[in-house]
Amino acid sequence: LDGTQYIFRSSLPGRRVTFRTRDEWASIDLRLFDFGRQRVHFELRDIELDFPGAIQPMGAVHLEAFGGARPGLFTAVIRRSKIFGGKNALFVPGGQTMVYVEDSDIAGNVGTNVDQEHSTYINGTLVSHFRNSVWRGQRAWADQASGHQLKDKTYLRIYENLTISNT
């Protein structure tokens, strides 16, 4: 087996489909371990996640992948999407991972710890490439002064035409 793909997309390209719930455990939670030398691809395209009550999961989108053997690689693409919810709307812990976000809106951390959660938390990955997107402050709907909008600890970061705001 050379790898696999996980694709979440609207059936109408360019037109978002919305998933909305107040469930406190709501999340797209892709956690892959020991995929070895394979290539794994995740894509979220033309999707809106509106999870205002999701205070339990680490992220409305939680992408955690570790191959265990090189050159295993996990690529994640988020395009024309809106993510709201979770302790970190987008959460990507360490691994052999490349993340690309384009034409998207990441906002509204809803976790209960106002000093530790972020709109996006990426830690110890290979590459993050963000283009033409908006990051709104943690708990943007309630407290304009708390948290980080974008906490990114990747080896290589590429940012093009971003808006990062507390409002």
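Rules behind the numbers
- Residues numbered from 1 in each chain as written.
- Predicted model: local features only at pLDDT ≥ 70, side-chain atom pairs only at ≥ 80, totals over all residues.
- Heavy atoms only, no water.
- Helix = DSSP H or I, 4+ residues; strand = E, 2+ residues; numbered from the N terminus.
- Buried < 20%, exposed > 50% of the residue type's maximum accessible area, 1.4 Å probe, protein only.
- Polar contact = N/O pair within 3.5 Å; in protein donor to acceptor, adjacent residues only side chain to side chain.
- Contact = heavy atoms within 4.5 Å.
- Phe/Tyr/Trp six-rings, centres within 6.5 Å; stacked < 30°, edge-to-face > 60°.
- Pairing = 2+ DSSP bridges.
- Axes fitted to C-alpha atoms, helices over the stretch in contact; angles between N-to-C directions.

S.K.: What should I look at first to understand the side chain of His-62 in this one?
M.R.: Here His-62 is to be found in strand 6 (residues 59-66). A residue is classified by how much of its surface remains accessible, and His-62, at 6% relative accessible area, is buried. Within the structure, the side chain of His-62 is placed 3.0 Å from the side chain of Glu-64, a separation counted as a polar contact. Beyond its immediate stretch of four places on either side in the chain, His-62 contacts Ser-27, Ile-28, Asp-29, Leu-30, Arg-31, Phe-91 and Pro-93.

S.K.: Can you help me understand the packing of aromatic side chains in this one?
M.R.: Pairs of aromatic rings are described using the distance from one ring centre to the other and the angle between the two planes. Taken as a whole, this structure holds four aromatic pairs when the rule is applied. Between Phe-130 and Trp-135, the ring centres sit 4.9 Å apart and the planes meet at 45°, which makes this aromatic pair tilted. Trp-135 carries the same exposure label as Phe-130, and that label is buried. What links up through ring pairs into an aromatic cluster is the set Phe-130, Trp-135 and Tyr-159.

S.K.: Looking at this model, I keep getting lost on the sheet that holds strand 4 (residues 39-45). Mind explaining?
M.R.: Two pairing modes exist for strands in a sheet, parallel and antiparallel, and in both the strands are linked by backbone hydrogen bonds. With parallel pairing, six strands are arranged side by side in an open sheet as 1-4-7-10-13-16. What marks the edges here is a single partner per strand, and that holds for strand 1 (3-9) and strand 16 (156-160). On average, each strand axis in the sheet is tilted by 5° relative to the strand beside it, whichever way the strands run. Pairing geometry for strand 10 (residues 97-102) and strand 13 (residues 127-131), over five bridges, is parallel. Counted as the bridge partner of Tyr-100 is His-129 from strand 13.

S.K.: Could you clarify how one ought to interpret the sheet that holds strand 2 (residues 17-20) in this entry?
M.R.: An order of 2-5-8-11-14-17 is seen for the six strands of this open sheet, with the pairing classed as parallel. Either end of the sheet is taken by a strand with one partner, and the two such strands are strand 2 and strand 17 (163-165). Between one strand axis and the next, the sheet turns by 10° as a mean value, whatever way the strands run. Bridge analysis of strand 11 (residues 105-107) against strand 14 (residues 134-136) gives two bridges, and the strand direction is parallel. Its bridge partner lying in strand 14, Asp-105 is registered against Val-134.

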